[in-house]
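Below, each chain spelled out in residue letters.
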Amino acid sequence: REVAQKLRGDEFGGTRSWVIGGSRGLGEITAKIIAAGGGDCLVSYANGLADAQAVADDIAAIDRGICRVMHLDLRNTFEGTVDVDPTRLDALYFFATPRIYRKRSERFDRVAFEEFVDFYLQRFYEICLWLERIERPSPLRAYLPSTVYIDDRPRGMTEYTMAKAAAEVLADDLNRSLRNVRIGHTRLPRL
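For clarity, every value in this text was computed on a predicted model and none was experimentally measured.

*Asks:* So what's going on with the nonpolar core? Which residues, and what values?
*Replies:* Formed by 37 residues in total, the largest nonpolar core has its most connected members in Trp18, Ile20, Leu74, Leu92, Phe124, Ile127 and Ile183. Breaking this core down by element, the ones donating at least two residues are strand E1 (16-20), strand E4 (91-94), helix H3 (110-132), strand E5 (140-143), helix H4 (158-177) and strand E7 (181-184). Here the element with the most residues in this core is H3; it accounts for ten residues. Counting 16 residues, the second largest nonpolar core, distinct from the first, contains Cys41, Val43, Ala91 and Phe95.

So, in structure tokens, the structure goes:
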């Protein structure tokens, strides 16, 4: 309701968005903004069905946009096997993430780095290629959040920051090669 008060109700009217990682944090806020602006959204989650359903219930309570909930665990390879009709999508918001803050015993944790790379680069890349196969009158808009930590890195965030920086490079390169998907990215502060 708080978000809905800040929007007219038609800013996203007629749009259909997929918010990956939409059950909490920035993904939750994004789904609520889309719906408060009159758009429909699919919220996917890896863990936390109750959280995702709470987001959908909050959206239903304002009676502007429709929200559907879907399980999607990106720890496994994405091969387009999800229950999503890509022809009906206008936008993708990619907020999926493994646990960011962890107890560390080393200066560089290769396992943690590889997990971040799997999410922010490999899975995002696979999803973009899957969406690219659909001819559209105008490209699908995709959003990949990055982090201000690239410019001002706190202690213990090396692996996360390296993966986010690499994801920015990937997004820029994909924009040069894809026709049916356009990717935007910005460096966001910690929520």
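*Asks:* Pulling in residues and values, what's your account of the sheet that holds E7?
*Replies:* Remark on secondary structure: sheet strands pair via backbone hydrogen bonds, oriented parallel or antiparallel. Read across the sheet, six strands follow the order E3-E2-E1-E4-E5-E7 without closing on themselves; strand pairing throughout is parallel. Across the chains shown, the open sheet's two edge strands, defined by having one partner strand only, are strand E3 (67-71) and E7. Averaged over all pairs of adjacent strands, the angle between strand axes in this sheet comes to 20 degrees, irrespective of strand direction. As paired strands, strand E2 (residues 40-45) and E3 are joined by five bridges and run parallel to one another. Bridging from a neighbouring strand, Cys41 pairs with Cys67 of E3. Relative to E3, helix H2 (residues 49-62) is tilted by about 170 degrees, and along the sheet it contacts E2 and E3.

*Asks:* How would you summarise the packing of aromatic side chains if you had to cite specific residues and measurements?
*Replies:* Considering all chains together, one arrives at eight aromatic pairs under this definition. Between Phe94 and Phe124, the aromatic rings sit 5.3 Å apart at their centres with planes inclined by 70 degrees, giving edge-to-face as the arrangement. Of this pair, Phe94 sits in strand E4 while Phe124 sits in helix H3, and the two are 30 residues apart along the sequence. With respect to burial, Phe94 and Phe124 carry one shared label: buried. For the ring pair Tyr120 and Tyr160, a centre distance of 6.0 Å and an interplane angle of 80 degrees mean the geometry is edge-to-face. Of this pair, Tyr120 sits in helix H3 while Tyr160 sits in helix H4, placing them 40 residues apart in sequence. In this structure, Tyr120 and Tyr160 share a single accessibility class: buried. Here the aromatic residues Phe116, Tyr120, Tyr149 and Tyr160 are joined through ring pairs into a cluster of three or more.

*Asks:* Which residues make up a nonpolar patch on the surface, and what values go with them?
*Replies:* A cluster of nonpolar side chains, contributed by Ile29, Ile33 and Leu191, occupies part of the molecular surface with about 270 Å² of accessible area. On the secondary structure map, Ile29 appears in helix H1 (residues 25-36).

What counts and how
- In this numbering scheme, every chain counts its residues from 1 along its sequence in written order.
- In keeping with the model being predicted, local features are shown solely for residues with a pLDDT of at least 70 and side-chain atom pairs are shown and tallied solely at 80 or more, while totals for entire chains, interfaces and linings include all residues.
- The side-chain values count all of the structure's non-hydrogen atoms but skip hydrogen atoms and water molecules.
- For the purposes of this section, nonpolar cores are sets of buried Ala, Val, Leu, Ile, Met, Phe, Trp, Tyr and Cys residues that join through side-chain atoms within 4.5 Å.
- Each residue gets one of three labels from its accessible area relative to the maximum for its type: buried under 20%, exposed over 50%, partly exposed in between, using a 1.4 Å probe on protein chains only.
- Each helix is a run of H or I in the DSSP string that is no shorter than four residues. Each strand is a run of E no shorter than two, and both are numbered from the N terminus.
- When DSSP locates at least two bridges between a pair of strands, those strands are taken to pair.
- Lines fitted to C-alpha atoms define the axes, with helix axes restricted to the stretch in contact, and inter-axis angles between N-to-C directions lie between 0 and 180 degrees.
- Every residue pair with non-hydrogen atoms within 4.5 Å of one another is taken to be in contact.
- Ring pairs are drawn from Phe, Tyr and Trp, using the six-membered ring of Trp, whenever the two centres fall within 6.5 Å, and their geometry is named by plane angle: stacked under 30 degrees, edge-to-face over 60, tilted for the rest.
- Excluding any residue in a salt bridge, patches collect residues exceeding 30% relative accessible area, merging like charges within 9 Å and nonpolar Val, Leu, Ile, Met, Phe, Trp and Tyr side chains within 5 Å.
- Every accessible area reported is derived by Shrake-Rupley at a probe size of 1.4 Å, with residue values counting cover from the shown protein chains alone.
- Any carboxyl oxygen of Asp or Glu that lies within 4 Å of a side-chain nitrogen of Lys or Arg is treated as forming a salt bridge with it.

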